[in-house]
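A structural walkthrough
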Protein chains: 2
Amino acid sequence: MLPSKVTLVEVGPRDGLQNEPGTIACADKIALIHALAEAGLTRIEAGAFVNPKWVPQMADSEAVFAGIERRSGVSYSALTPNLKGFERARAARASEVAIFAAASEAFSRKNLNCSIDDSLARFSDVTRAARAANIPVRGYISCVLGCPYSGAVDPALCVEIAQALLAMGCFEVSLGDTIGVGTVASTRALLEPMLKAIGPEQLAVHMHDTYGQALANVYQSLQMGISVVDASVAGLGGCPYAQGASGNLATEDVLYLLNGLGIEHGVALDKIVQAGDQICRTLGIANHSRVAQALLANFKK
Amino acid sequence: MLPSKVTLVEVGPRDGLQNEPGTIACADKIALIHALAEAGLTRIEAGAFVNPKWVPQMADSEAVFAGIERRSGVSYSALTPNLKGFERARAARASEVAIFAAASEAFSRKNLNCSIDDSLARFSDVTRAARAANIPVRGYISCVLGCPYSGAVDPALCVEIAQALLAMGCFEVSLGDTIGVGTVASTRALLEPMLKAIGPEQLAVHMHDTYGQALANVYQSLQMGISVVDASVAGLGGCPYAQGASGNLATEDVLYLLNGLGIEHGVALDKIVQAGDQICRTLGIANHSRVAQALLANFKK
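Residues numbered from 1 in each chain as written. Chains lettered and ligands numbered in written order. Predicted model: local features only at pLDDT ≥ 70, side-chain atom pairs only at ≥ 80, totals over all residues. Heavy atoms only, no water.

1. Examining the overall build of chain A
A tally of regular secondary structure across chain A gives 12 helices and 8 strands. In terms of overall dimensions, chain A is globule-like: its C-alpha atoms have a radius of gyration of 18 Å, near the 19 Å expected for 301 residues. For the C-alpha atoms alone, the extent of chain A along its principal axes is close to 55 × 40 × 35 Å. A separation threshold of at least 6 residues defines the contact pool for chain A, and within that pool the share at least 24 residues apart is 74%. (Helix = DSSP H or I, 4+ residues; strand = E, 2+ residues; numbered from the N terminus. Rg over C-alpha atoms; globule rule 2.2 N^0.38 Å. Contact = heavy atoms within 4.5 Å.)

See the structure below:
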């Protein structure tokens with residue numbers, strides 16, 4: 001039941017960096033994106049066209065997109081919450097854009113300032129414009145395994161939202177355990193109805209490691225046929241809902257799992273370790289990849 | 001195929017603390033063991049009767065065993081590499097003793113100073129004496145998924161050693177991925193022949209998190225019918241083979257997985273988090289449990 005090939009979607013430069021405090025030089029973001037593409041990643045979230053008042057770290061996304069040398073076969077995507085963001089992304093020549101719904105009314109209202117239904121209506125403007133411009137749109141659903149405000153989330157609601165996103169033209173829906181509360185059991189309980197309604201080729205998982213479960217949850221997902229996995233180099237991006245807690249699953253740790261399983265992915269682990277080490281040194285932050293910690297510790301011997 | 005009940009073997013007070021530099025007060029070790037038993041753990045590795053020249057941190061194991069108030073239904077075990085150690089453990093009223101073989105000739109020679117065969121001969125003196133004294137003996141095999149000196153390890157050799165340990169009277173064999181290099185794939189490749197030769201009720205797994213794979217490997221093991229899992233509160237115990245790398249899998253993180261799966265274990269997660277927080281504060285070290293990090297971060301909100 002395991003897929004023979006897995007595609008990694010690298011979210012470090014956007015999801016990973018967006019909550020970093022302090023200024024990150026545009027050149028450092030560009031160097032990171034170059035290093036990730038050079039390592040063999042073919043899908044890289046490179047920035048976000050959102051209101052800089054809310055996400056100041058992404059305010060230079062135009063400059064990032066203008067500065068990257070595009071590699072053939074690599075998709076550089078941008079988060080676009082609305083039509084205005086989409087127009088900026090198109091002008092910046094983003095290969096792909098992404099929209100962001102939530103599987104919880106409470107989270108949607110707190111983060112998108114509107115109901116789930118209203119957010120979907122707003123996103124349909126984006127998907128319509130993207131279709132006209134021939135730009136693929138990825139849909140994210142956050143809080144699929146739990147909401148920081150309202151707790152448990154109904155898998156049936158997740159399926160409904162995923163179907164709505166696909167119906168409006170998304171080519172893929174990434175299921176996000178935004179607060180990392182999921183376990184292999186809740187992952188299975190979500191994916192069972194999801195995979196009855198939607199083919200695995202239209203689904204991705206985006207697991208957070210807040211409770212140390214992310215890699216086990218990815219393994220559970222692979223066992224059920226999922227073959228697109230989101231991850232963040234060096235585990236960039238903490239958990240904004242619990243200071244000091246872990247956040248994104250590290251790309252390096254997923255690669256180690258895939259290498260063990262002999263699943264094809266096309267990415268050079270050693271180059272990813274170097275890319276993660278470089279950005280962590282530049283920013284003066286800890287590297288949250290256990291694989292990177294182990295390999296870099298060995299290098300130092 | 002998942003077990004309905006899992007027993008945790010807590011290795012924090014021994015495997016977790018043994019490589020900590022600096023003096024740890026005997027009273028702090030005793031308080032930790034009390035807190036772990038109070039939380040519902042029924043199998044606790046409380047110390048080691050080894051040459052204090054090699055493991056100075058365990059030099060006070062007699063005092064630890066003399067100081068703990070025994071809880072009914074709780075087994076307090078001690079590592080005993082030889083007959084001399086066993087006699088000390090018996091005098092200290094250890095409920096159970098453990099012997100330690102390796103699945104690699106290179107590791108055996110470096111760590112036990114003898115071949116695998118010679119170590120088994122030495123251990124048979126211990127199991128003979130233990131049988132006479134009616135003290136149960138647990139067998140460990142280290143390096144089952146890889147050796148720091150010689151690399152890959154043959155599952156067939158692991159099976160042979162496990163059978164030898166059971167034949168000399170061990171009631172259970174714990175399979176240790178000492179350097180944490182294993183993946184779900186190598187875990188499966190080990191357990192497949194192992195479970196053909198030996199019933200799951202005589203096997204345990206002891207996974208290290210050096211490459212972030214430990215919990216996924218435990219999940220793989222559970223899926224194959226393993227129901228005894230070693231873990232260390234707060235992830236105590238780094239990796240002696242890679243400075244700065246992660247070591248033992250945290251008890252808290254395993255409990256979170258089991259809670260998600262609805263698998264019975266009898267342990268109160270909140271009390272384990274408190275016990276881990278306490279020992280980490282006392283020692284001034286980082287808490288490596290991601291569950292503890294997340295829950296303690298929330299407590300501080």
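2. So, unusual backbone geometry
All names here are of chain B. The residue Arg93 is not glycine, and still its phi comes out positive at about 60°. When you line up the elements, Arg93 lands in the loop between helix 4 (83–91) and strand 4 (96–102). Not every positive phi belongs to a glycine, and Asn134 is a case in point at roughly 60°. By the secondary structure assignment, Asn134 is in the loop between helix 6 (116–133) and strand 5 (137–142). Asn134 sits in the exposed class, given a relative accessible area of 70%. (Buried < 20%, exposed > 50% of the residue type's maximum accessible area, 1.4 Å probe, protein only.)

3. Topic: the relation of the copies chain B and chain A
Once chain B is rotated about the relating axis by 180° and shifted along it by 0.0 Å, it coincides with chain A to within an RMSD of 0.0 Å. The superposition operator between the copies reduces to a two-fold rotation axis. Looking at the rotation axis and the C-alpha trace of chain B, the residue lying nearest is Ala216 of chain B, at 2.1 Å. When the interface residues of chain B are mapped onto chain A, 100% of them are again interface residues, pointing to one common binding face. (Least-squares fit on C-alpha atoms with pLDDT ≥ 70 in both.)

4. Here's the deal with the interface of chain B and chain A
If you look at the interface, chain B gives 37 residues, while chain A gives 37 residues. Of the roughly 3,000 Å² buried at the junction of chain B and chain A (both faces included), carbon and sulfur atoms supply 54%. Among the residues chain B hides against chain A, the three largest losses belong to Tyr211, Tyr256 and Arg290 of chain B. Together they make up 25% of the total. The interface formed by chain B and chain A contains 2 salt bridges. (Buried area = accessible area lost by both parts, 1.4 Å probe. Salt bridge = Lys/Arg side-chain N within 4 Å of Asp/Glu carboxyl O.)

5. Brief notes about the pattern of salt bridges
Residue and element names in this part refer to chain A. Scanning the entire structure with this criterion turns up 28 salt bridges over all chains. With a closest N to O distance of 3.9 Å, Arg109 and Glu105 form a salt bridge. Note that Arg109 and Glu105 are positioned in helix 5 (residues 105–111) at a spacing of 4 residues, about one turn of the helix. Its salt-bridge partner being Arg128, residue Asp125 comes within 3.4 Å of it at the nearest N-O pair. Of this pair, Asp125 and Arg128 both sit in helix 6 (residues 116–133), separated by 3 residues, roughly a single helical turn.

6. Things to note about the pairing of strand 2 (residues 43–48) of chain A
Residues and elements named next belong to chain A. Counting buried residues along strand 2, 6 of its 6 residues qualify, which places the element largely inside the surrounding structure. Strand direction decides the pairing type here: strand 1 (residues 7–10) and strand 2, joined by 2 bridges, are parallel. For Val9, the partnering residue across the bridge sits in strand 2 and is Arg43. Summarising the sheet, strand 2 and strand 3 (residues 75–79) pair through 5 bridges and their orientation is parallel. Bridging from a neighbouring strand, Glu45 pairs with Ser77 of strand 3. Following the chain from strand 2 across helix 3 (residues 61–67) to the adjacent parallel strand 3, one finds a crossover that is right-handed. (Pairing = 2+ DSSP bridges. Right-handed = clockwise from strand over helix to strand, strands pointing away.)

7. A closer look at the side chain of Asp209 of chain B
With respect to the secondary-structure elements, Asp209 of chain B resides in the loop between strand 7 (203–207) and helix 9 (214–223). Residue Asp209 of chain B is classed as buried on the basis of its relative accessible area, which comes to 8%.

8. Regarding the packing of helix 10 (residues 251–261) of chain A against helix 11 (residues 269–283) of chain A
Residues and elements named next belong to chain A. Contact geometry for helix 10 and helix 11: axes closest at 10 Å, N-to-C directions at 170°. It follows from the interaxial angle that helix 10 and helix 11 lie roughly antiparallel. Across from Thr251, Glu252, Leu255, Tyr256 and Asn259 in helix 10, the residues of helix 11 making contact are Leu269, Ile272, Val273 and Gly276. Looking at the contact of helix 10 with helix 11 residue by residue, the class counts come to 5 nonpolar, 3 polar and 1 charged. (Axes fitted to C-alpha atoms, helices over the stretch in contact; angles between N-to-C directions. Parallel < 35°, antiparallel > 145°, perpendicular 65-115°, else oblique. Nonpolar A, V, L, I, M, F, W, Y, C, P; charged D, E, K, R; others polar.)

9. A word on helix 7 (residues 155–167) of chain B
Residue and element names in this part refer to chain B. For helix 7, built from 13 residues, the straight-helix expectation of 18 Å at 1.5 Å per residue is met to within 8% by its first-to-last C-alpha distance of 18 Å. Taken together, the buried positions of helix 7 are Cys158, Val159, Ile161, Ala162, Leu165 and Leu166. Down the axis, helix 7 shows its buried residues gathered within 165° of arc, on one side only. With respect to the buried face of helix 7, the exposed residues turned more than 90 degrees away are Glu160 and Ala167. Looking at the buried side of helix 7, the elements it contacts are strand 4, helix 6, strand 5, strand 6 (172–177) and helix 8 (184–197). Two or three places before Ala156, at the start of helix 7, stands the capping residue Asp154, its side-chain oxygen 3.0 Å from that residue's backbone nitrogen. Phi for Gly169, located one or two positions after helix 7, is positive at around 115°. (Expected span 1.5 Å × (residues − 1). Arc of directions from axis to C-beta. Polar contact = N/O pair within 3.5 Å; in protein donor to acceptor, adjacent residues only side chain to side chain.)

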